[in-house]
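In case you want the letters, here they are:
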Amino acid sequence: MIDATHQISTVQRRMGSRVLPAGKARVLTISQTYDAPVEDVWDACTSPERIPRWFLPVSGELRLHGRYQFEGNAGGVVQRCDPPESFAATWEYGGEVSWIEVRLTPETSGRTRFTLEHVAHVDDVSWAHFGPGATGIGWDMGLLGLATYLRIGGEDAGIPEQGAQWAASAEGREFIAASSRLWAEADVAAGTDPAEAAAAAERVTAAYTAPAG
C-alpha cells in the first residue's frame, strides 16, 4: 500500500443535500487527482478485468442499462455512461437503493481528477448515530486502492487482498480513524453540530475497527 498519511491528505470530502422525487437526500462527494491520463483512469474504473485488481471482484454487464454486482457488497444498474468522462449507476445494498456518479476531469500534466458522488436517503436516526463515515470510510478505502493500483502502473499486485489485511493493521486502523475524523469535519462544515458529528465519528470508527467475529 502507499503512504496512507499522504493519501488521506490528498482527498477532498464534502457533504451536501439534494431534493429528489422521493424527498431530500444526502450527497457525499469525494475526489482526488491521480497521476494518470483520463483514458487510463476510465479504463481502470470500468474494465471488468481491472476493477478487481484495486476494488472488488465484479460480475454482470458493465454497460448502459446492464446490471452489475460486487462480490460481498453492492450491486445495481448502470443508468448513464459517457466515456471517458462520467457514468452513473444505482447502488443497491442491504435492501436500500442509493445512487453513485463518477466524473473524470483532465488536469495539467496528464493528470486526472476523479470525483464520486453518492446520493442516498438516510433517516435522521441512522445519520445521527453514524454520520457520513458509514459510507465515506469505505470510499476512502476505495480511493486508496485506486491510488495504489495506478501508482504501480496497473500491475496486479493483489491490492484488494492486501488491503483487507492492511485495514486490520495498526496503520490501517489509524487510516480509518483519520478518515472518520475528516468526514466528521465535512459534516460540521455542512451544518451539523460539532459535538454530534464527533460522537458519530467515534461510533463509526469503532464499528469499522471492531475485531472480526
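Note that the structure is predicted; figures quoted are calculated from it, not measured.

Visitor: Sorry, what's going on with empty space enclosed by the protein here?
Guide: Empty space among the atoms can be located by rolling a probe the size of a water molecule over them. Evaluation of the coordinates by the stated rule reveals one cavity of 30 Å³ or more. Approximately 40 Å³ is the volume found for the largest cavity. Broken down by secondary-structure element, the contributors of at least two residues to the lining of the largest cavity are α7 (170-189) and α8 (194-209). When residues in the lining of the largest cavity are grouped by element, the largest group, four residues, is from α8. Of the residues that constitute the lining of the largest cavity, the class distribution is eight nonpolar, three polar and no charged.

Visitor: Please clarify how unusual backbone geometry should be interpreted in this entry.
Guide: Keep in mind that most residues, glycine aside, have a negative phi and that most peptide bonds are trans. Between Pro83 and Pro84 the backbone carries a cis peptide bond, its omega angle lying at -5°. Here Pro84 shows up in the loop between β5 (75-82) and β6 (86-93). Positive phi values are uncommon outside glycine, yet His65 reaches one of about 70°. As for its position among the elements, His65 is in the loop between β3 (58-60) and β4 (67-70). Residue class for His65 comes out exposed when judged on its relative accessible area of 57%. A positive phi angle, near 60°, is found at Ser109, a position not held by glycine. If you trace the backbone, Ser109 turns up in the loop between β7 (96-106) and β8 (112-120).

Visitor: What am I meant to see in the packing of aromatic side chains here?
Guide: Any pair of aromatic rings gets described here by the distance separating the centres and the angle formed by the planes. Across all of its chains, the model carries nine aromatic pairs by this definition. Between Tyr68 and Phe70, the aromatic rings sit 5.5 Å apart at their centres with planes inclined by 70°, giving edge-to-face as the arrangement. On the basis of relative accessibility, which here comes to 6%, the residue Tyr68 falls in the buried class. Ring centres 5.1 Å apart and planes at 50° place the aromatic pair Trp91 and Trp139 in the tilted group. Of this pair, Trp91 sits in strand β6 while Trp139 is found in helix α5 (residues 133-151), placing the two residues 48 residues apart along the sequence. As far as burial versus exposure is concerned, Trp91 and Trp139 are alike and both buried. Following the ring pairs from residue to residue traces out a cluster consisting of Trp54, Phe55, Tyr68, Phe70, Trp91 and Trp139.

Visitor: Is there a simple way to explain the side chain of His118 in this structure?
Guide: Relative to the elements of secondary structure, His118 occurs in strand β8. In this structure the side chain of His118 is engaged in a polar contact, spanning 2.7 Å, whose partner is the side chain of Ser98. A polar contact of 3.0 Å, which involves the side chain of His118, links it to the side chain of Trp139. When residues no more than four places from it in sequence are discounted, the contact partners of His118 are Arg26, Val27, Leu28, Trp91, Ser98, Trp99, Ile100, Thr135 and Trp139.

Visitor: In this structure, what is going on with the sheet that holds β8? I would like to understand it.
Guide: Sheet strands line up and pair through hydrogen bonds in the backbone, either parallel or antiparallel. Strand order in this open sheet of eight strands is β1-β2-β8-β7-β6-β5-β4-β3, and the pairing throughout is antiparallel. Each having just a single partner strand, β1 (12-20) and β3 make up the two edges of the open sheet. Geometrically, the sheet is characterised by an average inter-axis angle of 25° between neighbouring strands, direction not taken into account. Contacts from helix α2 (residues 38-46) reach β5, β6, β7 and β8 within the one sheet, and its direction differs from that of β7 by about 160°. Seen against the sheet, α7 touches β1 and β2 (23-34) and runs at an angle of roughly 50° to β1.

Visitor: What's the story with the state of the cysteines in this structure? I'm lost.
Guide: Here, the word disulfide means a covalent bond between the sulfur atoms of two cysteines. Under the definition given, this model contains zero disulfides. Distance from the sulfur of Cys45, which forms no disulfide, to the nearest cysteine sulfur (Cys81) is 12 Å. Residue classification places Cys45 among the buried positions, given a relative accessible area of 10%. The class for Cys81 is partly exposed, based on a relative accessible area of 34%.

Visitor: Could you clarify how one ought to interpret the layout of surface pockets in this entry?
Guide: A volume near 1,500 Å³ is recorded for the largest pocket. Looking at the largest pocket, it is lined by 47 residues, and the ones nearest its centre are Asn73, Ala134, Thr135, Gly138 and Tyr208. Looking at which element gives the most residues to the lining of the largest pocket, the answer is α5, with eight residues. Across the lining of the largest pocket, the residue classes tally to 30 nonpolar, 13 polar and four charged.

About the thresholds
Residues numbered from 1 in each chain as written. Predicted model: local features only at pLDDT ≥ 70, side-chain atom pairs only at ≥ 80, totals over all residues. Heavy atoms only, no water. 1 Å grid on protein atoms, 1.4 Å probe; cavity = no way out; pocket = protein on both sides within 12 Å on 5 of 7 lines; lining within 4 Å. Points joined across faces, edges and corners; volume = space filled by probe spheres on them. Helix = DSSP H or I, 4+ residues; strand = E, 2+ residues; numbered from the N terminus. Nonpolar A, V, L, I, M, F, W, Y, C, P; charged D, E, K, R; others polar. Buried < 20%, exposed > 50% of the residue type's maximum accessible area, 1.4 Å probe, protein only. Phe/Tyr/Trp six-rings, centres within 6.5 Å; stacked < 30°, edge-to-face > 60°. Polar contact = N/O pair within 3.5 Å; in protein donor to acceptor, adjacent residues only side chain to side chain. Contact = heavy atoms within 4.5 Å. Pairing = 2+ DSSP bridges. Axes fitted to C-alpha atoms, helices over the stretch in contact; angles between N-to-C directions. Disulfide = S-S within 2.5 Å.

Shape descriptors only; they carry no functional weight alone.
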